[in-house]
Amino acid sequence: MVTELLPAGAPEMPWIVAAPLLAACALLITRRGSAALGLTASVGVAGLTAWLIRRLVLEGPQRMSMGGWSEPLGITLLADGLGGCMLGTTALVGLLVSVHASAYFGPHADGDRSRAFWPLWMFLWAALNALILAADVFNIYVALELLGLSAVALVALSPGAPAVSAAVRYLMVSLTGSLCYLMGAAFLYGGAGVLGFASLEGVLQPEPYSFIALALMSAGLCMKSALFPLHFWLPPAHANAPAPVSAALSALVVKASFFVLLRLWLGVFDRIVSPEMALIPGLLGAAAVVAGSVRALSAPRLKQMIAYSTVAQIGYLFMGLPLGMSPATRRAAVGGVVYLVAAHACAKAAAFLAAGNVLQAYGHDRIDDLRGVVQQMPVSMFAFAVAGVSLIGLPPSGGFVAKWLLLSAAIAEAQWGYATVIVAGGLLATAYVFRVFSRSFRNVSSGSVPGAFRKVSGRMEWSALMLALCSMLIGVTGAYVLEFMQTGASLIDLPAPEATR
Amino acid sequence: MQPSDLYGTAGIALFTLGLYGATRLGQPMRQVLSFNVASTGASMFLIAIAHRAASPLPDPVPHAMVLTGIVVAVSATALALVLINILGRPPGPPPTPNDHGH
């Protein structure tokens, strides 16, 4: 068993969850200076995450039973390379989103919204970290609920009925998804009698309870990850939320539930699932790439376009499941999926922050009226351009490495359908990204101006650009990330590199 | 057929019924109620599996899960009611505490 070989556990693991929780509670009672306190807490949590990742690199995977209580009543935390990649992505995006938010909701903005944003954002961050570190099926349910509730409340921060009604719809889907997941967990416990990932792997049998549990849990997680055709809630929620919230939701929250799905399908249920079953997420993922991209092409508003692009990019992640079924291509498929999670998180957060800057500067984000924006907001539009390169999947971006890995897995498996969709998705992404540039590069003097221009803070523009550059940086450090990802790959048994040759 | 089987089946039936309501009924208020029905169904199913073990004493783990589930359902319902309340409010500036009647 892998579990017995693991060291006692890093002391920073519980703090990575507890620190943002404590910060959230402190932020709830502070009356002034919530932006400064929130930003300090973000730096602290990001620092703790960096420290944990350093330990993962030096000492290998970490496992810890909280308070010495063992399963099934205790809470076990697990950090391996895969979780480390997710934690690192969360910390990087989280920190820069905090920097953006400190100016977005800053002293000049509405004070009440700023005071409501910071504690909720810290709750969201705590839930993300708890979800990634959870090593049993039930604690994942608790983390999913905390994540869903704080995400919904953040969407409702935007003034106006569209945001609140989007939040209500998001809440209903999120609750339905969680309930399906809980029912699946109940079937799993009823059949197997254990909840921990490591124990489940040993006792799961291909019996009806396993299939019912897998179906219910997967259905719930697909709703939360907005897999086509359950994506209807995502575009209104992500397009109407405040910009830092849109960025965090699109970059991190939908990926977190996919991450659980990945651990279930290729880890816990590895011996139960068959390639035929993986066809379902695979085909829905391929449909999502096409449907999401086509809707992005015709979206009238910039933030809507970016939200539909998320629907499409989520599709690629789900195509990784069937491609990872065969041991020969699992390494490439899982590598591609994790790469896409990280690269898309940075690129999509950058795109949403840049779009939020445009929205705040002009009071609208109608793509057809974006004439001259490049002249007035060069930094934000450059951030959008660099993010676009990663969304399309051009070298040297992280998106390129991700699609390259997925494409090589598809070709090695002779899955020409998936390969075609991966390439076609890139072409469609080119079309919708360039649609924005064909409007925004038009000269202001050659037509009507986009409207009254109000300069946005430099911090908001530069945080978007930093995120966009990170999506490039991820692309050029490919070998290190892929090696780190395999640190103690106890949940997803990646075959050694030799096997793939 | 044991009583626990009956409870388990009823739990699944309630869950399915609630899920149907939560996805098919358009009104947010009805969806919240359906969600609570489904949540109760899931709890009933969990309580039933606690008794299915060979031991005469019930298994405490599903009970712990039910307790957590109740806490989650209450907070989720509270958030849903607040949002629905905001949605139902007439457009315009929020009412001041003085003219906030019943």
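Let me begin by describing the structure that accompanies this report. (Residues numbered from 1 in each chain as written. Chains lettered and ligands numbered in written order. Predicted model: local features only at pLDDT ≥ 70, side-chain atom pairs only at ≥ 80, totals over all residues. Heavy atoms only, no water.)

## A word on the overall build of chain B
Okay, so step 1: In terms of helices and strands, chain B carries three helices and zero strands.
Okay, so step 2: Going from N to C terminus, chain B has its helices and strands arranged as α-α-α.
Okay, so step 3: Expressed as a percentage of the 102 residues in chain B, the buried residues total 35%.
Okay, so step 4: Considering only intrachain contacts with a sequence separation of at least 6, the fraction spanning at least 24 residues in chain B is 55%.
Okay, so step 5: Carbon and sulfur atoms make up 68% of the accessible area of chain B, which amounts to about 6,400 Å² in all. (Helix = DSSP H or I, 4+ residues; strand = E, 2+ residues; numbered from the N terminus. Buried < 20%, exposed > 50% of the residue type's maximum accessible area, 1.4 Å probe, protein only. Contact = heavy atoms within 4.5 Å. Areas by Shrake-Rupley, 256 points an atom, 1.4 Å probe, with all protein chains shown as cover.)

## Quick word on the overall build of chain A
Okay, so step 1: The number of helices and strands found in chain A is 20 helices and two strands.
Okay, so step 2: In summary, chain A has a C-alpha radius of gyration of 21 Å against a globular reference of 23 Å for 501 residues, a match within 12%.
Okay, so step 3: Projected onto its principal axes, the C-alpha coordinates of chain A cover approximately 70 × 55 × 40 Å.
Okay, so step 4: By residue count, 63% of the 501 residues in chain A fall in the buried class.
Okay, so step 5: For chain A, the accessible area works out to roughly 17,000 Å², and carbon and sulfur atoms hold 68% of it.
Okay, so step 6: Side-chain charges in chain A split into 28 positive and 21 negative, and the spacing between the mean points of these groups amounts to 14 Å. (Rg over C-alpha atoms; globule rule 2.2 N^0.38 Å. Lys, Arg positive; Asp, Glu negative; His and termini not counted. Charge placed at Lys NZ, Arg CZ, Asp CG, Glu CD.)

## Description of the pattern of salt bridges
Residue and element names in this part refer to chain A.
Okay, so step 1: Within the structure shown, the criterion is met by seven salt bridges over all chains.
Okay, so step 2: Note that Glu-59 is salt-bridged to Arg-55, the shortest N-O span being 3.4 Å. Here Glu-59 pairs with Arg-55, and both are found in helix H2 (residues 34-59), just four residues apart, close to one helical turn.
Okay, so step 3: Counted as one network, the salt bridges with shared partners bring together Glu-12, Arg-55 and Glu-59. (Salt bridge = Lys/Arg side-chain N within 4 Å of Asp/Glu carboxyl O.)

## Details of helix H15 (residues 378-392) of chain A
All names here are of chain A.
Okay, so step 1: Taking 1.5 Å of rise per residue, 15 residues should cover 21 Å, and H15 covers 21 Å from first to last C-alpha, within 8% of that figure.
Okay, so step 2: For H15, the buried fraction is high: eleven of the 15 residues fall into the buried class.
Okay, so step 3: Burial in H15 covers these residues: Val-379, Ser-380, Met-381, Ala-383, Phe-384, Val-386, Ala-387, Gly-388, Ser-390, Leu-391 and Ile-392.
Okay, so step 4: Looking at the packing, one finds that the buried side of H15 touches helix H12 (302-323), helix H13 (327-362), helix H14 (373-376), helix H16 (398-412), helix H17 (416-440) and helix H18 (458-476). (Expected span 1.5 Å × (residues − 1).)

## Things to note about the interface of chain A and chain B
Accessible area lost on assembly of the parts is the figure often given for the size of an interface.
Okay, so step 1: In this assembly, 29 residues from chain A lie in contact with 31 residues from chain B.
Okay, so step 2: When chain A packs against chain B, close to 2,500 Å² is buried across both sides, 92% of that on carbon and sulfur atoms.
Okay, so step 3: Among the residues chain A hides against chain B, the three largest losses belong to Met-172, Leu-179 and Met-183 of chain A. Together they make up 24% of the total.
Okay, so step 4: Where chain A packs against chain B, one counts zero salt bridges. (Buried area = accessible area lost by both parts, 1.4 Å probe.)

## Thoughts on unusual backbone geometry
Residues and elements named next belong to chain A.
Okay, so step 1: For the bond running from Phe-228 to Pro-229, omega is 0 degrees, close enough to zero to count as cis.
Okay, so step 2: One can find Pro-229 in the loop between helix H8 (208-225) and helix H9 (234-240).
Okay, so step 3: Of the consecutive residues Pro-395 and Pro-396, the connecting peptide bond is found in the cis state with omega at 5 degrees.
Okay, so step 4: Positioned with a positive phi, Ala-226 is a non-glycine residue whose angle comes to about 60 degrees.
Okay, so step 5: Turning to its location among the elements, Ala-226 is positioned in the loop between H8 and H9.

## Points about the side chain of Ser-158 of chain A
Residue and element names in this part refer to chain A.
Okay, so step 1: Structurally, the position occupied by Ser-158 is in the loop between helix H5 (137-155) and helix H6 (161-192).
Okay, so step 2: Given the relative accessible area of 10%, Ser-158 is considered buried.
Okay, so step 3: A polar contact is formed between the side chain of Ser-158 and the backbone oxygen of Asn-240, at a distance of 2.7 Å.
Okay, so step 4: Discounting residues that sit within four places of it in the chain, Ser-158 has contacts with Ala-163, Asn-240, Ala-241 and Pro-242. (Polar contact = N/O pair within 3.5 Å; in protein donor to acceptor, adjacent residues only side chain to side chain.)

## Focus: the packing of aromatic side chains
All names here are of chain A.
Okay, so step 1: Considering all chains together, one arrives at 14 aromatic pairs over all chains under this definition.
Okay, so step 2: With a centroid separation of 6.3 Å and an interplanar angle of 25 degrees, the aromatic rings of Phe-117 and Trp-121 are classed as stacked. Taken as a pair, Phe-117 and Trp-121 lie in helix H4 (residues 111-133) at a separation of four residues, close to a single helical turn.
Okay, so step 3: According to the relative accessible area criterion, Trp-121 is buried, its value standing at 1%.
Okay, so step 4: Residues Phe-384 and Phe-437 carry aromatic rings whose centres are separated by 5.8 Å and whose planes lie at 55 degrees to one another, so their mutual orientation is tilted. One end of the pair, Phe-384, is in helix H15; the other, Phe-437, is in helix H17, and 53 residues separate them in sequence.
Okay, so step 5: The class for Phe-384 is buried, based on a relative accessible area of 3%.
Okay, so step 6: What links up through ring pairs into an aromatic cluster is the set Tyr-104, Phe-105, Phe-117, Trp-118, Trp-121 and Trp-125.
Okay, so step 7: Seen from the ring of Trp-51, Arg-54 lies directly overhead, with NZ or CZ sitting 4.6 Å from the centre. (Phe/Tyr/Trp six-rings, centres within 6.5 Å; stacked < 30°, edge-to-face > 60°. Lys NZ or Arg CZ within 6 Å of the ring centre and 35° of its normal.)

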